[in-house]
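Residue strings, one per chain:
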Amino acid sequence: MDLLALADFNLVARHGGFGRAGRAAGRPKATLSRRVSELESNLDLRLFERGTRALKLTEEGRALYERTGALLAELDETAAAIASGGEKPRGRLRISAPLLFSQTAMGKLAAAFALKYPEVRLEVTTEDRAVDMIEEGYDLVIRVNPDPDDSLVGRIFLRDRLVVVASPALARPKPNVAVPAVMRGTGDLSSAWEVVAPRGKSRITIDPVLRLTSIVMIRDAVRAGVGAARLPVSLVSHDLTAGKLVSWGDVDGPEIAIWTLYPSRRLLSARVSAFLDFLRQSFPSGTPEELAGFID
């Protein structure tokens, strides 16, 4: 089998069309079409259904793409590692990270990584949406409680939890008496919070008085005494220790898990492996207290 033709087939399948694949790779659309047609002829299989506006993988084409994509990626990584001098991390490393983690920790982490690996050109993009790693050219993404994705593998490197906090000046909640609350965004229509405190579980009735899209903004509003809010304990740890905020209890719900995700393959580039090791060294226990150490 012609590996170059197979690579061109994977390129077209990944981008969903000859035109998009050609623009992404800087290759002529006609060349890619011809190479894929030759591969179909050699295999005696139709790999794509060609419509007037869309290109769709056939069942055989999808099976070939799923089985050969990872193998070709490994060949590329092996060649890149050899060409770059083996295991020494170097070259471009693109990472997508969520907003709050970027605001609180990523600047310091990126600077320390850049100093440790001066031959790596680190690029960090901050966004909370689920990016397409392959389509958008990311080497690694950091996400909070991500949805399962069969095309990616990953690991949890940090855990956090939500806590209900308020200014000491704000009266503590009483049964069936609503307390002013600062909410995130407009989609949260909660009328009460379930919390776990040393005395057991309780229910806090709330009256949303302010809605903000940024968690940092919410913390600042709570500091000002506008109302109570649910916030990550790592973000308010220093305020709780200093007495600027008080805790009304942990939110009764799932934990916050922060993941690193990358394409499913056995051979990771030296750059990605170095950054994963760097995160493990920066957060050896993966606790909220370790993340709080990065927050001013």
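Cut-offs used in this document
Residues numbered from 1 in each chain as written. Predicted model: local features only at pLDDT ≥ 70, side-chain atom pairs only at ≥ 80, totals over all residues. Heavy atoms only, no water. Pairing = 2+ DSSP bridges. Helix = DSSP H or I, 4+ residues; strand = E, 2+ residues; numbered from the N terminus. Axes fitted to C-alpha atoms, helices over the stretch in contact; angles between N-to-C directions. Salt bridge = Lys/Arg side-chain N within 4 Å of Asp/Glu carboxyl O. Buried < 20%, exposed > 50% of the residue type's maximum accessible area, 1.4 Å probe, protein only. Right-handed = clockwise from strand over helix to strand, strands pointing away. Contact = heavy atoms within 4.5 Å. Polar contact = N/O pair within 3.5 Å; in protein donor to acceptor, adjacent residues only side chain to side chain. 1 Å grid on protein atoms, 1.4 Å probe; cavity = no way out; pocket = protein on both sides within 12 Å on 5 of 7 lines; lining within 4 Å. Points joined across faces, edges and corners; volume = space filled by probe spheres on them. Nonpolar A, V, L, I, M, F, W, Y, C, P; charged D, E, K, R; others polar.

**Examining the sheet that holds strand β6 (residues 152-160)**
- Strand order in this open sheet of five strands is β4-β3-β5-β13-β6, and the pairing throughout is mixed. Taken across any chain shown, the strands that pair with only one partner, and hence form the sheet edges, are β4 (120-126) and β6. Each strand of the sheet is rotated relative to its neighbour by a mean of 20°, with strand direction disregarded.
- Alignment of β6 against strand β13 (residues 256-263), held across eight bridges, turns out to be antiparallel.

**Details of the pattern of salt bridges**
- What the rule picks out here adds up to 20 salt bridges.
- The partner of E38 in a salt bridge is R34, with the nearest N and O atoms 3.2 Å apart. Here E38 pairs with R34, and both are found in helix α3 (residues 29-43), just four residues apart, close to one helical turn.
- With relative accessibility at 44%, the residue R34 sits in the partly exposed group.
- Two residues, E123 and R94, come together in a salt bridge whose shortest N-O distance is 3.5 Å. Here R94 lies in strand β3 (residues 91-97) and E123 lies in strand β4, a separation of 29 residues in the sequence.
- Salt bridges sharing partners connect three or more residues here, namely D8, R27, R34, R35 and E38.

**What about the pairing of β3?**
- Within β3, five of the seven residues are buried, leaving the element largely enclosed by the surrounding structure.
- Note: β3 against β4, seven bridges, orientation parallel. Among the inter-strand pairings, G91 is bridged to a residue of β4, identified as V120.
- In terms of handedness, the path from β3 via helix α5 (residues 99-116) over to β4 forms a crossover that is right-handed.

**Looking at helix α7 (residues 215-223)**
- Those residues of α7 that sit buried are I215, V216, I218, R219, A221 and V222.
- Buried residues along α7 sit against α5, β7 (162-166), β8 (179-184), β10 (200-212), β11 (229-232) and α8 (233-242).
- The N-cap of α7, judged by a side-chain oxygen 3.3 Å from the amide nitrogen of V216 a few residues on, is S214.
- G225 sits one or two positions beyond α7 and adopts a positive phi of about 90°.

**A look at the environment of R159**
- Examined against the element boundaries, R159 turns out to sit in strand β6.
- Overall, R159 belongs to the partly exposed group, its relative accessible area being 38%.
- Taking the C-alpha atoms as reference, R159 lies 9.7 Å from E290; in sequence the two are 131 residues apart.
- If near-sequence neighbours (up to four positions away) are discounted, R159 is found in contact with E255, I256, G286, T287 and P288.
- Within the local environment of R159, its side chain forms a polar contact with the side chain of E255, the two groups lying 2.2 Å apart.

**Remarks on the layout of surface pockets**
- If you add up the space inside the second largest pocket, you get close to 940 Å³.
- As for the second largest pocket, its lining consists of 41 residues, of which D128, V144, R184, I215 and I256 are closest to the centre.
- For the lining of the second largest pocket, the leading source of residues is α5, giving five residues.
- When its residues are assigned to classes, the lining of the second largest pocket shows 27 nonpolar, five polar and nine charged.

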